[in-house]
Amino acid sequence: MGLLTDGTPLDWPQTKKYADHVRQHGIEQFINQYHQLKGRQGDCLKWGDEIEYMIIKLDHKNRKARLSLRGSELLEVLREAEETNPKEVRSLWRPEYAEYMVEGTPGQPYGSLVQHFNIVEHNMSFRRSEVQSLLQPDELVLSLTCFPRTGCYDFTRPSSRPDPTCGVTRSLFFPEEAITKCHPRFKTLTNNMRERRKEKVAINVPIYVDLKTPRPFVEDLSQYGDDGSSAEQAKEDHIYMDAMGFGMGCSCLQMTFQACNINEARVLYDHLTPICPVMLALTAATPIFRGYLADVDCRWDAVAASVDCRTREERGLEPLRNDMFVIPKCRYGSVDCYLSECGSRYNDVPLLYEKKIYQRLVDSQVDELMSQHIAHLFIRDTLSLFSERIHQDDTREMDHFENIQSTNWQTMRFKIPPVNSDIGWRVEFRPCEVQLTDFENAAFGVFIVLLTRAILSFKLNMLIPISKVDENMKNCQKRNAVLKEKLWFRCDLFGRDCDKGDDARLMTVNEIINGKGEEFVGLVALVRQYLGALDMDADTACTIGQYLNFISARAAGNAITTATWIRNFVTSHPEYKQDSVVGDGITYDLIVAASEITQGKQECKELLGGIPKTKTTEDIPKAIKKIIQMTCLAPRNAE
């Protein structure tokens, strides 16, 4: 979601004029807050998830599914309880990029007791039911990463048409009406990103070549109003898209957890970074873009291209004249550097950062690794600025810092405590694709949090060179990567001997998750070992056990990914013509089937690895609540 500030948005020329102002004051805000809070200690584990939902409208008579542009309308109702009694609500609701989306989180963060793992799925189900209760009879809510026909003709309700000659998108496919009306930030980002780049974004996803797919696959974009500029950007045998909405209009599952102090946060940030490609492969759920089957299973690179605001100079296509840097990656990508002292030894890719900002940070007694990280984020311009928020008190506000921090969308995010808040140092885990069912989303969320506990308890070492993380991020998105690809992963996980060097080897996702005999223990086994030392009630043990069994089954191929399920559904559909096209009728049947699985009306053992029946419950036992303030699940002395 990012930073949502009220006010009057500036256009790009005005925003650009204040770019250095935002950078300068953003750094001063960081320095002030960093020194106030770097010594903060003793925060207990608190954590939560974010799930983005899509609202879909069904035309049963004509067998068509459309995205329903009612997100803003629904949010007005969904947020009433929070506005009335914010400390008692079970869910919080926020706008997302698209008008067909809403974002839901738990009303309060989950705590440090093992019993909290047993209420996650119940809360997710409650959130889904909240939205569903507000929908019309022909509407449904799905946790779907990418709607199959986004960008196709007439894909929204009410119907809307893109205009490639005016408006904020200038897209051939994605209409301005599909961007949320809840907050001006999103349209401002869309417009300013395009103007900064000096051309539309160009997203090219390889098409899945079936028996009757035209070769080469080249679309006639003039039928959509192209003046020739899009045809120049479109690649042969690729699905071409041209708007931010094709990326930011996708949904995902994200997890945020609080650390006990800044050092623990840095350790978690570093040691989870190599986990990101593994989890992206396990949660793969995006095999269709703009009505075509793709030869990838994930959204990640498509989202990255959708927010690539780099100019031609910054992309290395023209000599540097007006810009400062050739920037290797766009704002949305994998982590570029580790933050802990141990992790620094694996920073084998030269890091691009703003030297003056780096020096200001170092001169202000910010350590070199953190200074490099922040100076790297601040090579970017602000993309959205509000006239009322140009001038701020750098000792009491953080909006300029968060403006740039929140538009660096990486697989992990290191989060500084907010001003005047009881919230501590946090890290956000961002790669996962959202799953169809609450069971799956809860399983992945709980697994990641439990893995953080194992990392800290056993002082595990997950570090591999950043260059190999980058390589993994490319390979983990390939079709059926969970079974077919090998990823670099560390062999010796025990002991943080930072001078031991790189011992990564290529492993399958199954080997990483489930182990390989005596050669490698596997992450699920480590989590089980951690849980073995805890005093768990039977219901919580049952629920967590089913989550871990599912994770193991997904890695082993006994529970297929959402991407594989969708792909199989399409290719086996009687209307599919083996030409890579996912038409209206196929999409309608796919959405109906996905909804029935989500609601438990249709069993899908191949997706879930069986018929899960957890013991998830609304709240932890009352007797246990009394010790919440006295007990922390998170171990200390992370280094």
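For every chain, the first residue of the written sequence is number 1, and numbering continues from 1 along that sequence. With pLDDT at 70 or above as the cut-off, local features in this predicted model cover only qualifying residues; side-chain atom pairs require 80 or more to be listed or tallied, and sums for whole chains, interfaces and linings still use all residues. For the side-chain quantities, the full set of heavy atoms in the structure was used; hydrogens and water were omitted.

If you check an unreviewed UniProt entry, the protein appears there as Glutamate--cysteine ligase from Petrolisthes cinctipes. Taken from UniProt, the Pathway (unreviewed entry) comment for the protein reads in full: "Sulfur metabolism; glutathione biosynthesis; glutathione from L-cysteine and L-glutamate: step 1/2." UniProt positions are given in the numbering used here, feature names are shortened, and annotations may be inferred rather than shown by experiment. Recorded under Sequence similarities (unreviewed entry), the UniProt text for the protein is reproduced unchanged: "Belongs to the glutamate--cysteine ligase type 3 family."

Participant: Teacher, can you tell me more about the overall build of the protein here?
Facilitator: Looking only at helices and strands, the protein features 24 helices and 17 strands. Radius of gyration: C-alpha atoms only; globule rule: 2.2 Å multiplied by the number of residues to the exponent 0.38. Here the C-alpha atoms of the protein give a radius of gyration of 24 Å, agreeing with the 26 Å that 2.2 N^0.38 yields for 639 residues. Taken over the C-alpha atoms alone, the protein extends approximately 60 × 60 × 55 Å along its principal axes. The burial tally for the protein puts 62% of its 639 residues in the buried class. Secondary structure elements follow DSSP: runs of H or I no shorter than four residues count as helices, runs of E no shorter than two count as strands, and numbering proceeds from the N terminus. Relative accessibility thresholds used throughout: buried, under 20% of the residue-type maximum; exposed, over 50%; partly exposed, between the two (1.4 Å probe, protein chains only).

Participant: What am I meant to see in the packing of aromatic side chains here?
Facilitator: Working definition: an aromatic ring pair is given by the centre-to-centre distance plus the angle between the planes. Any Phe, Tyr or Trp ring, taking Trp's six-membered ring, that has another such ring centre within 6.5 Å forms a pair; planes under 30 degrees apart are called stacked, those over 60 apart edge-to-face, and the others tilted. Applying the stated rule across the entire model yields 23 aromatic pairs. Measuring from centroid to centroid gives 5.1 Å for F217 and Y292, while their planes differ by 75°, and the two rings are edge-to-face. Separated by 75 residues along the polypeptide, F217 in the loop between strand 7 (203-206) and helix 7 (229-233) and Y292 in strand 11 (residues 292-293) bring together distant segments of the chain. Note on F439 and Y547: the rings are 5.6 Å apart at their centroids and 55° apart in plane angle, and the pair reads as tilted. One end of the pair, F439, is in helix 15 (residues 438-457); the other, Y547, is in helix 20 (residues 538-556), with 108 residues separating them in the sequence. Every member of this aromatic cluster is reached through a ring pair, and the members are F155, F173, F174, Y224, Y240 and F246. Its end group placed over the ring of F126, R90 keeps NZ or CZ at 3.8 Å from the ring centre. Comment: the charge-over-ring label is applied if NZ (Lys) or CZ (Arg) is within 6 Å of the ring centre and within 35 degrees of the ring normal.

Participant: Before we go on, may I ask you to explain the pattern of salt bridges in this structure?
Facilitator: Two side chains carrying opposite charge are able to pair once their charged atoms lie near each other. We define a salt bridge as a side-chain nitrogen of Lys or Arg found within 4 Å of a carboxyl oxygen belonging to Asp or Glu. If you walk through the whole model with that rule in mind, you get 48 salt bridges. For D20, the salt bridge is made with R23, and the minimal N-O distance between the two is 2.8 Å. One end of the pair, D20, and the other, R23, are both in helix 2 (residues 19-37), three residues apart, so they sit about a helical turn from each other. The network of salt bridges with common partners includes K16, D20, R23, R196, E314 and D381.

Participant: What should I look at first to understand the environment of K459 in this one?
Facilitator: Within the secondary structure, K459 is located in the loop between helix 15 and helix 16 (466-475). Remark: the alpha-carbon pair of K459 and F147, spanning 312 residues in sequence, is separated by 41 Å.

Participant: For this particular structure, what's the right way to read the nonpolar core?
Facilitator: A general tendency of soluble globular proteins is for nonpolar side chains to be buried together. As used in this record, nonpolar core signifies buried Ala, Val, Leu, Ile, Met, Phe, Trp, Tyr and Cys residues forming a set joined through side-chain atoms within 4.5 Å. Of all hydrophobic cores here, the largest spans 202 residues; its most connected members are F257, F429, F447, L523 and W565. Of all the elements, helix 15 adds the most residues to this core, at 13 residues. Ignoring sequence-local partners within four residues, the contact set of F429 consists of L253, Q254, M255, F257, L272, I275, C276, M279, T411, M412 and I448. Note on contacts: a residue pair is in contact if any heavy atoms of the two residues lie within 4.5 Å.

Participant: Hey, could you run me through empty space enclosed by the protein in this one?
Facilitator: Unoccupied space between atoms shows up once a probe the size of one water molecule is rolled over them. Any residue with an atom within 4 Å of a point lines the site, the site being either a cavity, points on a 1 Å grid over the protein atoms alone where a 1.4 Å probe fits but cannot get out, or a pocket, an open set with protein on both sides within 12 Å along at least 5 of 7 lines. Grid points are joined across faces, edges and corners, and a volume is the space filled by probe spheres set on the points. One pass over the structure, following the stated rule, counts nine cavities of 30 Å³ or more. Size it by volume and the second largest cavity reaches roughly 70 Å³. If you go around the second largest cavity, the residues you meet are V168, T169, T190, M193, R194, K200, V201, D242, A243, M244 and S306. Under this grouping Gly is polar, as are all residues other than the nonpolar Ala, Val, Leu, Ile, Met, Phe, Trp, Tyr, Cys and Pro and the charged Asp, Glu, Lys and Arg. Here the residues of the lining of the second largest cavity are counted per class, giving five nonpolar, three polar and three charged.

Participant: Can you walk me through the environment of L74 in this structure?
Facilitator: Tracing the backbone through its elements, the reader meets L74 in helix 3 (residues 71-78). Spatially, the C-alpha atoms of L74 and R197 are 34 Å apart, while their sequence positions differ by 123 residues. If we ignore the near neighbours within four places in the chain, the residues touching L74 are I55, L134 and L135.

Participant: Got a minute to help me understand the pairing of strand 2 (residues 64-68) in this structure?
Facilitator: Two faces make up the sheet, and in a regular strand the side chains alternate between them. Across the five residues that make up strand 2, a large majority, four, are buried. At least two bridges found by DSSP between two strands are what make those strands a pair. As defined by bridge partners, strand 1 (residues 47-59) adjoins strand 2 across four bridges and the pair is classed as antiparallel. Counterpart to D59 in the pairing with strand 2 is K64. The loop that links strand 1 with its antiparallel partner strand 2 comprises four residues; one of these, R63, has a positive phi angle of about 55°. Inspection of the sheet shows strand 2 paired to strand 6 (residues 156-157) by two bridges, in the parallel sense. Pairing of S68 across the sheet is with R157, part of strand 6.

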